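Letter by letter, the chains look like this.
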Amino acid sequence: MLEIKSLSKSYNSGKQVFPVLKNVNVDIKEKDFVMIMGESGSGKSTFLNCISTLDTPSSGQVCFNNKDMVKASFSQIQSFRMNDVSFVFQENVMIDTLTMFENVMMASLEHHNDVKQQAKELMVSMRVDHVMDKFPSQVSTGERQRCAIARALMNKPAILFADEPTAALNPMFAKEVMDIFTTLNEQGQTIVMVTHSLKIASYGNRFLLLQDGTFSVDECLSGTRHENHERLLELARDIL
Ligand SMILES: Nc1ncnc2c1ncn2[C@@H]1O[C@H](COP(=O)(O)OP(=O)(O)OP(=O)(O)O)[C@@H](O)[C@H]1O
Ligand SMILES: [Mg+2]
């Protein structure tokens, strides 16, 4: 589905070049629920941004259904962002003067009845239908995050990217978000997520550990959450 080939990314500061990603190869498959971990500054967000067209790699290929998005035209990239992928971040921008329902609707350029119905249904399934008419300043951080997920699902993305979506949430809200992601993945949603927490990573079905600019671990997680957590404690001991 998303084949990342020889991906490198460096940042320049004056005459100095800082390599962040070095020749990374990963093949993300349909229904993967990928958990990416690595030390702070190891390049997790850079990786996510490069494979989702939010940033441009220094070299390499990011092939979505065999089409290299690095070399794609502006309109192809626009279409990829509109139709094929969505994002959830730690803090999601909401427009303060719009209701939560209108913020979810914002994801669609069209506002006909079918779209309204879809937004409502997503808000019901994310259990935020009770805050539809509230404004962002009037909802809890957990409700806000669930609205952001509803918004991200409006375009029925092939891949949902999430960069530390639970980092700003208390453990109860974080669990709610992870239960939602688990259900979505069970329904076939491909998810690529960054987290700092082994407990959160144990919800995934594939684990990638970013170290020294490349993935030192790429392993399937097929056990129970408890078994996955035990395995992750071994795999990620370098960064604990
Ligand atoms: N626009 C930029 N210009 C220069 N350096 C950058 C830029 N963005 C990121 N970096 C550097 O690239 C490295 C990787 O950053 P990145 O944000 O991808 O790390 P991360 O693994 O997501 O960290 P964290 O866990 O703290 O979010 C860091 O050393 C960072 O300082
Ligand atoms: Mg980051």
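Attention in this report is confined to the structure presented alongside it. All residue numbers refer to positions counted from 1 along the written sequence of the respective chain. Throughout, the order in which chains and ligands are written sets their labels, letters from A for the former and numbers from 1 for the latter. Where totals are concerned, whole chains, interfaces and linings use all residues; where local detail is concerned, this predicted model gives features only for residues with pLDDT of at least 70, and gives and counts side-chain atom pairs only at 80 or more. In computing side-chain properties, one takes all heavy atoms of the structure into account and sets aside hydrogens as well as water.

### Details of the site of ligand 1
Put simply, a residue is near a molecule or strand once any heavy atom of it comes within 4 Å of that molecule or strand. Near ligand 1 the following residues occur: Tyr 11, Val 20, Glu 39, Ser 40, Gly 41, Ser 42, Gly 43, Lys 44, Ser 45, Thr 46, Glu 164 and His 196. Each polar contact in these results corresponds to two N or O atoms within 3.5 Å; when the atoms are within protein, one needs to be able to donate a hydrogen and the other to accept it, and residues that are neighboring in sequence are counted only if both atoms are side-chain atoms. Contact distances for ligand 1 include 2.6 Å between an oxygen atom and a side-chain N or O atom of Ser 40. One of the side-chain nitrogen or oxygen atoms of Ser 45 is found 2.9 Å away from an oxygen atom of ligand 1. Protein chains shield 54% of the accessible area of ligand 1, which is 640 Å² for the free molecule. Only DSSP runs of H or I reaching four residues or more are called helices, and only runs of E reaching two or more are called strands; each is numbered from the N terminus. In terms of residues, the shell around ligand 1 owes the most to one element, helix H1 (residues 44-51), which gives three residues. When grouped by side-chain class, the residues that make up the shell around ligand 1 number two nonpolar, seven polar and three charged. The accessible surface values rely on the Shrake-Rupley method and a 1.4 Å probe; as for residues, cover is taken only from the protein chains in view. The classification used treats Ala, Val, Leu, Ile, Met, Phe, Trp, Tyr, Cys and Pro as nonpolar, Asp, Glu, Lys and Arg as charged, and all other residues, Gly among them, as polar.

### Here we look at the packing of helix H4 (residues 113-125) against helix H5 (residues 141-153)
A fitted line through C-alpha atoms represents every axis, and for helices the fit uses only the stretch in contact; the resulting angles, taken between N-to-C directions, go from 0 to 180 degrees. The N-to-C vectors of H4 and H5 enclose an angle of 140 degrees; their axes lie 9 Å apart at closest approach. Considering the angle they form, H4 stands oblique to H5. With respect to the hand of their crossing, H4 and H5 are arranged in right-handed fashion. Here H4 contributes Gln 118, Leu 122 and Met 123 to the contact with H5, which in turn contributes Cys 147, Ala 150 and Leu 153. The class makeup of the residues in the contact of H4 with H5 is five nonpolar, one polar and no charged. Angle categories are assigned with fixed cut-offs, so that under 35 degrees is roughly parallel, over 145 is roughly antiparallel, 65 to 115 is roughly perpendicular, and the rest are oblique. Less than a right angle of anticlockwise turn of the near helix away from the far helix marks a crossing as left-handed, whereas a clockwise turn marks it as right-handed. Contacts between residues were defined by any pair of non-hydrogen atoms, one from each residue, lying within 4.5 Å.

### Examining the sheet that holds strand S5 (residues 67-68)
Pairs of strands are assigned from DSSP output, requiring at least two bridges between the strands. The strand order across the open sheet formed by four strands is S2-S1-S4-S5, and the pairing between neighbours is antiparallel. Two strands in the sheet have a free side with no partner beyond their single neighbour: strand S2 (16-28) and S5. Inspection of the sheet shows strand S4 (residues 59-64) paired to S5 by two bridges, in the antiparallel sense. By the bridge assignment for S5, Cys 63 is matched with Asp 68. Packing of H1 onto the sheet brings it into contact with strand S1 (2-13), S2 and S4, and relative to S1 it is tilted by some 120 degrees.

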